[in-house]
Structures are given as C-alpha cells and as structure tokens.
Amino acid sequence: MSSEPVISVRSATATLGSRPVLRGIDLTVDHGEVVALLGANGSGKSTAVRSVIGQVPLTGGSISLFGTELRRFRDWARVGYVPQRTTAASGVPATVREVVSSGRLSRTRLKWPAKADKAAVQRAIELVGLADRAKDSVNALSGGQHQRVLIARALAADPDLLIMDEPMAGVDLASQEILASTLREQVAGGTTVLLVLHELGALEPLIDRAVVLRDGCVVHDGPPPEAVGQHALPGHDHVHPHAAGEPLRTGLLT
Ligand SMILES: Nc1ncnc2c1ncn2[C@@H]1O[C@H](COP(=O)(O)OP(=O)(O)OP(=O)(O)O)[C@@H](O)[C@H]1O
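The name given to the protein in an unreviewed UniProt entry is Metal ABC transporter ATP-binding protein, with Streptomyces ficellus as the source organism.

Below, the structure written as structure tokens:
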C-alpha cells in the first residue's frame, strides 16, 4: 500500500468568473480516511471537490491523486464521484440498472461487460437497497432514490476513492440510513472518502476528520466539531470549548 496521501491539495487557488473562490487551500486525505468538508453556503466546498476531480482548473497551487499530479492522472476508474444533487434521469428513459451500469464503463471501457462487471453492478444496486427497483425507469423514483442510484453508479466501478457532494441533501430519513450503512460497508472495505456535508447527521460516526471552509479558506482541520453533529442548525452559533484551547464556533456551517 502506498504511503502517499490519496488526495493532496497544496495552496490551491481558483477563480470562478472574476471571483476568487478558493484562496489557498491545503487538504490532505490519507488512505482509508473519511473526511467531511463543511462550511456555509458559498464557502467553496463544491468548488474544492470539483477542482480535486479536475472540473475546476486551479489558478495556483497543486493537487495530486494517489501520488500523481492531477494533470498526469489517468486512473479515473479509481475515483467515484457523486455530484451535488441532480437527478439520475435527465430525461433519458433508462432503468436503475442501466444508470448504475454506466458507472462501470470506466472499468469495462468499450468491451462487453464480463461476469465480474455485472456482479459489481448488482452489488452496488443491492448496497443502496434498490434491488427490487433495478428494472424500473429512473423517472419513476423519488429524489432520495435518485440519490441512491447516483451513489450506486459511483460504487459500481469499485472506486478506491469516493467523492460525494452533499449526498444527504434532500434525502428522506430512511434513505439517509441506507446511505449511511452503504458508506459504512465501503469504508470497512478500505475505501477513502471525501464528502461535502452541510451537517454531519447520520454520517457522524463515520467521519474521521472535518475540514471547514470559510470564504475559500480552511478555518478548521481536525476532529469533527462536536456540536455540529448535535445541533447543526442554521443560526446555531455559540462558542464551545475546543481541545486546542481555542474556542471553536459551532456556527461554522451557517
Ligand atoms: N460558475 C460560477 N461562476 C461564478 N461564481 C460561481 C460559479 N459557481 C459558483 N460560484 C460562486 O463561488 C462561490 C463558491 O461556490 P461553491 O458552490 O463552491 O460553494 P459551496 O460551499 O459548495 O456552497 P453550497 O453549500 O451552497 O453548495 C459562491 O460564492 C458561488 O456563488
């Protein structure tokens, strides 16, 4: 196993339009870690993860994945990405199994799917609890079920690194529990996870470390802020004692 971090972001800066959105971010995610990226709306969380997968170019600094500089990185089958809330359907009359199978393309390329590919797709569908809906059109699914399909699509390639942007947004409690247990299984299997969250919620027990952004800068990198899990409600902004002796504002997410 490589000792290189799975994700290494150094002094990253990025601009969207004319607006500096990342203003010198450092972020390291080691093998097997589950790191939550937290922060208020507009703090740069989505931009940070999109820059990690090469969707947003940096204006300065550097990013490497599995020890390879991003511009030379080609091993995308190792990376599963679940974008910020979108539907799995986009008007296409595809079934759950078809959408999830598309996530396997990075492994099968243009070859006919082998037994192992079909098994991986089936496993991903079962993991998110949609085995009984596999043949249904994704157009017939609820928002939370769409999210589960998108996560299964990312899992179908057996990624070593899973990056998810607000996977719990708009997802009902039952689906949240299923997603949490899916993630627990992946993590137990050694998958490294970086996820953007608005609150830790059901995923709290899985999170090893939290990185909090504010205005495109990292303002906390360490244990998940305890109070975030307990009462991460907008407007909650009182001060709790912090291990490092510094008061940690619990309204970090607002
Ligand atoms: N395409 C774009 N052009 C210009 N500015 C953008 C663009 N996309 C995002 N921004 C701005 O960049 C900033 C950071 O956005 P980003 O989506 O990374 O934040 P976020 O922390 O993920 O927010 P949220 O919690 O609302 O998803 C915001 O101020 C946003 O308005």
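There's plenty left to go through after this.
(A) Summary view of the pattern of salt bridges. Following the criterion strictly, the structure yields 10 salt bridges and no others. For R10, the salt bridge goes to D26, with nearest N and O atoms at 3.5 Å. Linking R10 in strand β1 (residues 7-16) with D26 in strand β2 (residues 19-29), this pair joins segments that are 16 residues apart in sequence. A residue is classified by how much of its surface remains accessible, and R10, at 35% relative accessible area, is partly exposed. Given the relative accessible area of 38%, D26 is considered partly exposed. The partner of E69 in a salt bridge is R72, and the shortest N-O contact between them spans 3.9 Å. Classification of E69 as partly exposed rests on a relative accessible area of 30%. Using a relative accessible area of 56% as the deciding quantity, one classes R72 as exposed. Several salt bridges share partner residues, and in doing so they unite R104, D117, R123 and D158 into one network.

(B) Spotlight on empty space enclosed by the protein. Under the counting rule described, the total for this entry stands at one cavity of 30 Å³ or more. The space that makes up the largest cavity amounts to roughly 60 Å³. As for the largest cavity, its lining consists of I151, L155, L162, M164, P167, M168, L179, T182, L183, Q186 and L203. No other element matches the four residues that helix α6 (residues 173-188) contributes to the lining of the largest cavity. Residue composition of the lining of the largest cavity, grouped by class: nine nonpolar, two polar and no charged.

Reading the values: rules and limits
- Residues numbered from 1 in each chain as written.
- Predicted model: local features only at pLDDT ≥ 70, side-chain atom pairs only at ≥ 80, totals over all residues.
- Heavy atoms only, no water.
- Salt bridge = Lys/Arg side-chain N within 4 Å of Asp/Glu carboxyl O.
- Helix = DSSP H or I, 4+ residues; strand = E, 2+ residues; numbered from the N terminus.
- Buried < 20%, exposed > 50% of the residue type's maximum accessible area, 1.4 Å probe, protein only.
- 1 Å grid on protein atoms, 1.4 Å probe; cavity = no way out; pocket = protein on both sides within 12 Å on 5 of 7 lines; lining within 4 Å.
- Points joined across faces, edges and corners; volume = space filled by probe spheres on them.
- Nonpolar A, V, L, I, M, F, W, Y, C, P; charged D, E, K, R; others polar.

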